Each structure stands twice: as C-alpha cells, then as structure tokens.
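# Survey of secondary and tertiary structure
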Number of protein chains: 2
Amino acid sequence: METKPIDGKAFAAGLRARIAEEVAGLKASAGLTPGLAVVLVGEDPASQVYVRNKAAQTAEAGMASFEYKLAADTPEADVLALVAKLNADPAVHGILVQLPLPAQIDANKVIAAIDPAKDVDGFHVVNAGRLAVGLDALVPCTPLGCIMLLKHHLGSLSGLKAVVVGRSNIVGKPAAQLLLKEDCTVTIAHSRTRDLPAECRTADILVAAVGRPEMVRGDWIKPGATVIDVGINRVPKDDGKTRLVGDVAYAEAQGIAGLITPVPGGVGPMTIACLLQNTLTAAKRQKGLA
Amino acid sequence: METKPIDGKAFAAGLRARIAEEVAGLKASAGLTPGLAVVLVGEDPASQVYVRNKAAQTAEAGMASFEYKLAADTPEADVLALVAKLNADPAVHGILVQLPLPAQIDANKVIAAIDPAKDVDGFHVVNAGRLAVGLDALVPCTPLGCIMLLKHHLGSLSGLKAVVVGRSNIVGKPAAQLLLKEDCTVTIAHSRTRDLPAECRTADILVAAVGRPEMVRGDWIKPGATVIDVGINRVPKDDGKTRLVGDVAYAEAQGIAGLITPVPGGVGPMTIACLLQNTLTAAKRQKGLA
C-alpha cells in the first residue's frame, strides 16, 4: 500500500486565505475587524517564537493584532487586571494567554478569568463543557485542526473507529469529543492502557498525542489507517544538532498507513490557522453574525 | 462461570445511611443542614413519582427538602425567577429542576440559570466542563452511581477496558469521563458504531445506556466482564401488564458476565442516593468544608 502524506502546511495556507477573504468581507459589509490579543509573560524562547508567529499570521489575515509582553516577575494580579481590561475591550474578540506561565501565576485562575466568548484557545471550563454537551463552543486549536484535516481527506467520518492516544485537556480529550461528534466510535487510550499496540491496531483513525518521540510503531497501525501525529519532539542527531520527530515512527508507517501527517508540516501549521478561525468565529458570534 | 448480581438497592441503602450519619455530624459540628430544592413543572406522572421519592429520601437523610410544584402552563420567566430565588437562598445548597419540562420552557436556559455550585444534577456546562478537564465537579447522579458500584466491586479500575454504549449528556458521556479518570481505557460506542457486538466483547466493564430493551445480547459480553445496565424500559407482558427490563438481556448474560446489575434493583436505586451525595458535597463546598 502506498502511504500518502497529509500536507498540513498547504491546507493551513488555504484555510488562512479563506479566513483573510472572510475578514475582508466582514470589514466591508459590517465594519468588523476581528481582533486577537496575545499575552506573553516572561521570555521563554519557544513562547516568543509562537507569539511572534501568531501576531504575524493574525496581521496577514487582515485582523487586528494586540501584543502584550509582560516581565517574567509580573504579579498574578496584574495579569488578571489585563485580562479584565481585554474582556471589556470591544476591539478585542479573542484573548490568548501564552502558556506556560511563570510560577507565581496560577494558569487555571488566568484561564478562568477570560470571557468564555473570547477564549480562542478553548481552554475555559465553559468551552470544555459546551463541547462536552454538544453546544457551540470555542474548541482547542490543535484538535480542531486535526478534525479539519480528517474531514478534508476522508469526507464523512461516521462509523469509523478512532483511537486517540493521550488524554490531555489541550489535545486528547477535546479530540475525542470532536471525533464523537462526527459519529466515530472513539477509544481514548493512555499510559495505563494494557495493550496499547493492540488498541491502536483497531483504529481507522489513529491520533497520537502523547509527546513521546516515535512511540507509535509501524506494526501498531492497521493497514490503510489514517494517522494523525500531533507530537512535536526535538531529538538529537548524530552530528550534535537536533531534528523534529512526531509521536509516530514515520518511516515505519510507510507502506502500512493509508494517510499520515508528517512532522513537521502536518498538524503543526494547523494550530495557528485554527486560532485565526476561532478568532473569526468569536468575532462573528460577539457581533451576532454567526 | 457463575454470574453474580450487583445489589444496587443494598449499596444505595448503605450509602444513604452513611450520608445521614455525615449530615447529623454536620448539624452538630457546624450547624449546617444541607438543603435540596426540587422544582416540578406540570403533572407528568413519572416525574411526580420521582419527585416524591427524592423528597422522602432527602428528609430521611436528615436534610431539608424544599418542593416547588408549578402548574403545567407556568411561563419560563417564572421558572427562571424561582431558580434565581433559590440560587440566592442560603438554606438551599442543591437545586434540581425535574425534566422533562413543558414545551414553553427551554430546559437549556433553565439549567444554565442554576448556580453551578448548586447544580446537583451536574447538567450545567460549567460542571460538564469541570468534569472534562479534571477539576472538582458536581457529576450527573446516574453515572456517579455506576462508578461507585464498580469501585466497590472491582477495587481499582486502572487499566481495565471500558465500553460505554450510548453517548447522552446525562449518562454515556459523563460515564466515559469518570471511567477515564479512573484510568480505564474507554471506548464510546453508539448507534453509528459499525460492529457493536464486537466492540462490546472487548469490554472488561460494559456500560449499557441506550434505552432499548435487552439490546445487548449474551454473546456481546466478554466472559467474566462486569456489566452495568443503566436502561429502565417498560415492556408488555403476556398478561397485558408490563414489566421493567434493562438494556441488557439479563437471562442471556447469566453464565457469561462475572457481575451484572439487575433491572430493577441495580443502577436505579443509586441515582437518588447520588443526588443526596451531591447535595451533601455541594453544601460542604459552599460552606468551605470540602
């Protein structure tokens, strides 16, 4: 069997173009410019890169981008005050507080302070609850991107067996909810699962979201399955440099999987594109346009 | 293999006794009498029976019981006003609005109006979200009862394969969340599942919550599995009367299942006992005692 890669980079570029088009339309028809505020506390290098990319892509989509960079020793109360200000600001439709936060700040408290209508990360309990009970929700970006790729490549997911490996609040659990909403039969597997390879081999759709380099081996994959690899792990190379690998042994999956997302270039680029999608959705809902 | 019935009636009676003891202690030590308000709109006969049983068991546990019976044509605004009054009443720690509600009343709106801290049915999106992300939540009573029975009979559930058939917000989905929290590998199956018998046969713990009389057949059960039958279906008998059956063909399960909840007398009695448990939990949390 020939294994085809899923080009998340190209799909994300197309999605961003469609978002930019809709944003241009909203500006013209409703005078609405969706706005995304990103709050970064401290100087974590990876976070700085993410925030820079988010701001650049927000601006490219024609949205307003508001960046707040706070010192690493900013007290929790100041972050909460900023969130309250952004909640009240009508030009801001989406608020993202970049995680992780420094130790003096309780991330749960900050997330709980964000207006659920502006919670474009989809981490607020109200959004988790709305997703769980089947109401319109702002859904975490990475699993939302996974589902978009799956629907684009497979069409209807109804009746397919999906196995999600990993049960984080950010990826595994919301991915399972979304797959269930698409009428998949869904299994959530994790570190306590007794025979993980056997569970994985039942999957028509296998979502790996564990953060362990190449943990899912080729013989864990059912022939013809669609594999969504959410992992982004940096591992050393022989020359002393590093390279990125997923949670799936990509080379081993060749000839077994039907479709697979590469790392990088698979799920990764979808995350920011879905953040823009969520910001657009949030703006439209706040204006009564969706 | 001998199949043992799980005596939910006896377990529920023991749970109610433990709750009554704790209530007596709270009265003595903290002057706190947990209070449950039940709102019934209209005269649905089954709802009347439930509400009567809830009130009686609440009083038996030493808690304060407040009953509100409203006419079937009560406007939505009046129900919302009553909920607001109960939210503000410090003697009321739990609020339950009996479903179904008459057509002029939007149940989602009423549930959303209940203070999540007093939402002892666990239906509010904030409680669904708190359960989903792993925070302390008020959990729907029936799945909570299922988990209690499982833990009582099996001890640790870690690593066991659980299959939940049915994905309602009231039973299936929260049951899956609770089983995941207990470190089960969890599959959610439903009407679109392709080979439901085969999925069920993988289960160490099989939870049937579909509302279809005896749908789960004996040969869907893995030998030795624990079967939790949430269904309560009334079916006609030859003599023109009716009898209650579950979602599982109980007679066929004999000699195959290791443990099984009968209908009636299995999961059913746990629901009200867990409502009392939730009311106790809510009261303690509201007083900062839990």
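Reference entry: report on the structure contained in this document.

What counts, and at which threshold
Residues numbered from 1 in each chain as written. Chains lettered and ligands numbered in written order. Predicted model: local features only at pLDDT ≥ 70, side-chain atom pairs only at ≥ 80, totals over all residues. Heavy atoms only, no water. 1 Å grid on protein atoms, 1.4 Å probe; cavity = no way out; pocket = protein on both sides within 12 Å on 5 of 7 lines; lining within 4 Å. Points joined across faces, edges and corners; volume = space filled by probe spheres on them. Helix = DSSP H or I, 4+ residues; strand = E, 2+ residues; numbered from the N terminus. Nonpolar A, V, L, I, M, F, W, Y, C, P; charged D, E, K, R; others polar. Expected span 1.5 Å × (residues − 1). Buried < 20%, exposed > 50% of the residue type's maximum accessible area, 1.4 Å probe, protein only. Arc of directions from axis to C-beta. Contact = heavy atoms within 4.5 Å. Axes fitted to C-alpha atoms, helices over the stretch in contact; angles between N-to-C directions. Left-handed = near helix turned anticlockwise from the far one by under 90°. Buried area = accessible area lost by both parts, 1.4 Å probe. Salt bridge = Lys/Arg side-chain N within 4 Å of Asp/Glu carboxyl O. Pairing = 2+ DSSP bridges.

All names here are of chain A. Volume-wise, the largest pocket comes out at about 1400 Å³. In terms of lining residues, the largest pocket is bounded by 45 residues, among which Y50, T142, I232, G268 and T271 are the most central. Looking at the lining of the largest pocket, the elements with two or more residues in it are α1 (8-30), α2 (45-60), β4 (94-97), α6 (141-154), β9 (233-236) and α10 (268-286). With 7 residues, the single largest contributor to the lining of the largest pocket is α2.

Evaluation of the coordinates by the stated rule reveals 3 cavities of 30 Å³ or more. A volume near 150 Å³ is recorded for the largest cavity. Every residue lining the largest cavity is listed: A:K173, A:A176, A:Q177, A:L180, A:V186, A:I188, B:K173, B:A176, B:Q177, B:L180, B:V186 and B:I188. Put simply, the parts of the chain that give the lining of the largest cavity at least two residues each are α7 (172-181) and β6 (185-189) of chain A together with α7 (172-181) and β6 (185-189) of chain B. Broken down by class, the residue content of the lining of the largest cavity amounts to 8 nonpolar, 2 polar and 2 charged.

This brings us to helix α3 (residues 76-88) of chain B. An α-helical turn contains 3.6 residues, so any two residues separated by three or four positions project in the same direction. All names here are of chain B. Taking 1.5 Å per residue, 13 residues should reach 18 Å; α3 reaches 19 Å between its end C-alpha atoms and fits that length. Among the residues of α3, E76, V79, L82, V83 and L86 are the ones counted as buried. Each buried residue of α3 lies within a common arc of 125° when the element is viewed along its axis, so the set occupies one face. In α3, the exposed residues that point more than 90 degrees away from the buried face are A77 and A88. Buried residues belonging to α3 abut β2 (35-41), β3 (64-70), β4 (94-97) and α4 (107-113).

Our next topic: the packing of α6(A) against α7(A). Two measures define how a pair of helices packs: the angle their axes make with one another and the distance between the axes. All names here are of chain A. Across the interface, α6 lies against α7 with an axial gap of 9 Å and an inter-helix angle of 35°. Every pair of crossing elements has a handedness; the one defined by α6 and α7 is right-handed. Seen from α6, the contacting residues are P143, L144, I147 and L150; seen from α7, they are P174, A175, L178 and L179. Partitioned by chemical class, the residues of the contact of α6 with α7 number 8 nonpolar, no polar and no charged.

Each partner contributes to the interface: chain A provides 30 residues, whereas chain B provides 30 residues. When chain A packs against chain B, close to 2600 Å² is buried across both sides, 51% of that on carbon and sulfur atoms. As a salt-bridge pair, B:D183 and A:R167 come within 2.7 Å of each other at their nearest N and O atoms. Breaking the side of chain A that touches chain B down by element, the ones donating at least two residues are α5 (125-133), α7 and β6 of chain A. Considering every element that reaches the side of chain A that touches chain B, the biggest residue donor is α5(A), with 7 residues. Of the residues assigned to the side of chain A that touches chain B, the class counts are 12 nonpolar, 10 polar and 8 charged. Relative to β6(B), β6(A) runs antiparallel, the two sharing 3 bridges. Paired with A:V186 across the two strands is B:I188, which belongs to β6(B).

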